[in-house]
Amino acid sequence: MTIPFTKMHGLGNDFIIVDTREREYPLDTNTIRTMSDRHHGIGCDQFVTLSAPTNPKADVLVRFFNADGSEAGACGNASRCVAKFVGNNPVLQTQNGLLPTYQQDDLFTVNMGKPHLDWQSVPLSEAHDTLHLPLHDAAACSMGNPHATLFGDVSQAEELGPSLENAPLFPERANIGFAQILSPNHMRLRVWERGAGLTLACGSGACAAVVNASRRNLTEKTCRVTMDGGDLSITWQEDGTVLMTGPATLVFHGEFA
Ligand SMILES: N[C@H](CCC[C@H](N)C(=O)O)C(=O)O
């Protein structure tokens, strides 16, 4: 059986999307890893499945898997791509709850929900102030997936990312953001992603970085985040939820043999 898929990206953070709403496909972890492999398969940072929602307030149920086959509770860039793929401003049902989406011209906004700020929710393996971890003085929060943000030099991502992703402090591993504050409303960010490595952009990582930076009074709650693949606009709203706005690009449709 061949598996139809759609290839999309958000600022170069790329995805395979398989729509199982009309028909099931054999998508075990091995198949996901093979399809995600850039040499033996199609290649992507994350693999995304769409299925019928179980919540009547949602339009589509979305699951996110890293290239290593591990499941992620959130994926901001992929959420914008799913909003474009499904159309009509769908509400996404995800592990992190219902995410409303809005399109304006060629930009897509996803309400990524509220960040989780306590150590048990990140999660950490022991109690710590999530604003100042005993690990490069990083700040941590969850956007439905674990994020740690280091403030300083973005060039350290490749050097420090692998060990920090797997640090004992992160029992579920973590996405590691390296942020440089440029102004109260602008930062540079690079993210070493859990299960995927260094990506050109990370939507949930950009949300986490703005939440963490504003908690430390390093930026305002509205901030432009410039990553290797381009810019996202992030706003941590008064109601506690985080808006992320950026592009979503369709690359091609295909069939995996
Ligand atoms: N690229 C995604 C993040 C994937 C997160 C995944 N690496 C994990 O949490 O395991 C984004 O745009 O938010």
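Residues numbered from 1 in each chain as written. Predicted model: local features only at pLDDT ≥ 70, side-chain atom pairs only at ≥ 80, totals over all residues. Heavy atoms only, no water.

A short note on the side chain of asparagine 13
Rules: Elements are defined by DSSP. Helices are runs of H or I of four residues or more, strands are runs of E of two residues or more, and each kind is numbered from the N terminus. Think of it in three bands: residues with accessible area under 20% of the maximum for their type are buried, residues over 50% are exposed, and the middle band is partly exposed, with areas taken using a 1.4 Å probe on protein chains only. Between two residues, a contact is recorded if the distance between any of their heavy atoms is within 4.5 Å.
Among the secondary structure elements, asparagine 13 is positioned in strand β2 (residues 13-19). Since its relative accessible area comes to 2%, asparagine 13 is described here as buried. Ignoring any residue separated from it by four or fewer positions in sequence, one finds asparagine 13 in contact with Met8, Asp45, Gln46, Asn77, Glu193, Thr199, Leu200, Ala201 and Cys202.

Here's the deal with the pairing of strand β8 (residues 101-104)
To be explicit about the condition: When DSSP locates at least two bridges between a pair of strands, those strands are taken to pair.
Relative to strand β9 (residues 107-111), β8 runs antiparallel, the two being bridged by four bridges. The residue bridging tyrosine 102 from the neighbouring strand is threonine 109, located in β9. Turn length for the β8-β9 hairpin, with the two strands adjacent in sequence and antiparallel, is two residues, and the turn residue aspartate 105 shows positive phi of about 60°.

Let's talk about the nonpolar core
Where we set the bar: What we call a nonpolar core is a set of buried Ala, Val, Leu, Ile, Met, Phe, Trp, Tyr and Cys residues that are connected through their side-chain atoms within 4.5 Å. Domain boundaries shown here were taken from an automatic or database domain assignment.
Ranked by internal contacts, the top residues of the largest apolar core, which has 44 residues, are Val48 and Ile234. Tallying contributions element by element places helix α4 (residues 203-215) first for this core, with seven residues. Composition of this core by domain shows at least three residues from each of domain 1 (3-95 + 249-256) and domain 2 (139-240). Formed by 17 residues, the second largest nonpolar core is a distinct cluster that contains Ala148, Leu150, Leu164 and Ala174.

Here we look at the packing of aromatic side chains
For any pair of aromatic rings, the description consists of the separation of the ring centres together with the inter-plane angle of the planes. We count it as follows: A pair of aromatic rings is counted whenever rings of Phe, Tyr or Trp (Trp by its six-membered ring) have centres within 6.5 Å, and the orientation is called stacked for planes under 30 degrees apart, edge-to-face for over 60 and tilted otherwise. Criterion for a charge above a ring: Lys NZ or Arg CZ within 6 Å of the ring centre, and within 35 degrees of the ring normal.
Under the counting rule described, the total for this entry stands at one aromatic pair. The ring centre of tryptophan 236 lies 4.6 Å from the NZ or CZ of lysine 221, which sits over that ring.

Structural notes on the domain arrangement of the protein
Stated formally: Any carboxyl oxygen of Asp or Glu within 4 Å of a side-chain nitrogen of Lys or Arg constitutes a salt bridge here. The definition of a polar contact used here is a pair of N or O atoms within 3.5 Å, where within protein one atom must be able to donate a hydrogen and the other to accept one, and adjacent residues in sequence count solely through side-chain atom pairs. Residue classes follow a fixed rule: Ala, Val, Leu, Ile, Met, Phe, Trp, Tyr, Cys and Pro count as nonpolar, while Asp, Glu, Lys and Arg count as charged, and any other residue, Gly among them, counts as polar.
Each assigned domain of the protein is listed here: domain 1 (3-95 + 249-256) and domain 2 (139-240). Of note, the centres of domain 1 and domain 2, computed from C-alpha atoms alone, are 22 Å apart. Between domain 1 and domain 2, the contact holds 17 residues from the first and 19 residues from the second. For the pair domain 1 and domain 2, the interface holds one salt bridge. Of the charged contacts in the structure, one is a salt bridge between arginine 173 and aspartate 68, with a shortest N-O distance of 3.0 Å. Taken together, the links from domain 1 to domain 2 amount to seven residue pairs in polar contact (both at pLDDT 80 or more). Of all the secondary-structure elements, those providing two or more residues to the side of domain 1 that touches domain 2 are β5 (71-72) and α2 (76-86). Per element, the largest residue contribution to the side of domain 1 that touches domain 2 is three residues, and it comes from α2. Among the residues making up the side of domain 1 that touches domain 2, the classes are represented as four nonpolar, nine polar and four charged.

Some points on the site of the ligand
Our working rule: Here a residue is near a molecule or strand as soon as one of its heavy atoms is found within 4 Å of it. Shrake-Rupley sampling with a 1.4 Å probe provides the accessible areas, and residues are treated as covered by the protein chains on show and by no other component.
With respect to spatial proximity, 15 residues lie near the ligand, and among them Asn13, Gly76, Arg194, Gly203 and Ser204 are the closest. Arginine 194 is positioned such that a nitrogen or oxygen atom in its side chain is 2.6 Å from an oxygen atom of the ligand. Note that an oxygen atom of the ligand is positioned 2.7 Å from one of the backbone N or O atoms of glycine 203. Look at the ligand: alone it shows 360 Å² of surface, and the protein chains cover 100% of it. Looking at the shell around the ligand, the elements with two or more residues in it are α2 and α4. By residue class, the composition of the shell around the ligand is four nonpolar, nine polar and two charged. Of the domains in this structure, domain 1 (3-95 + 249-256) and domain 2 (139-240) are the two that each give at least three residues to the shell around the ligand.

Here's the deal with the UniProt feature "binding site: substrate" (unreviewed entry) in the protein
Quick reminder of the rule: UniProt positions are given in the numbering used here, feature names are shortened, and annotations may be inferred rather than shown by experiment.
When the UniProt feature table is mapped onto this chain, "binding site: substrate" (unreviewed entry) is found at Asn13, Gln46, Asn66, Gly76, Asn77, Asn145, Asn175, Glu193, Arg194, Gly203 and Ser204. Among the secondary structure elements, asparagine 77 is positioned in helix α2. Judged by its relative accessible area of 0%, asparagine 77 is buried. Not counting the four nearest positions on each side in its chain, asparagine 77 is found in contact with Gly10, Asn13, Phe15, Ala201, Cys202, Gly203, Leu232 and Met244. Within the fold, asparagine 175 resides in strand β12 (residues 175-183). Judged by relative accessible area, asparagine 175 falls into the buried class, the value being 4%. Excluding anything up to four places from it in sequence, asparagine 175 contacts Asn145, Pro146, His147, Ala148, Val191, Trp192, Glu193 and Arg194.

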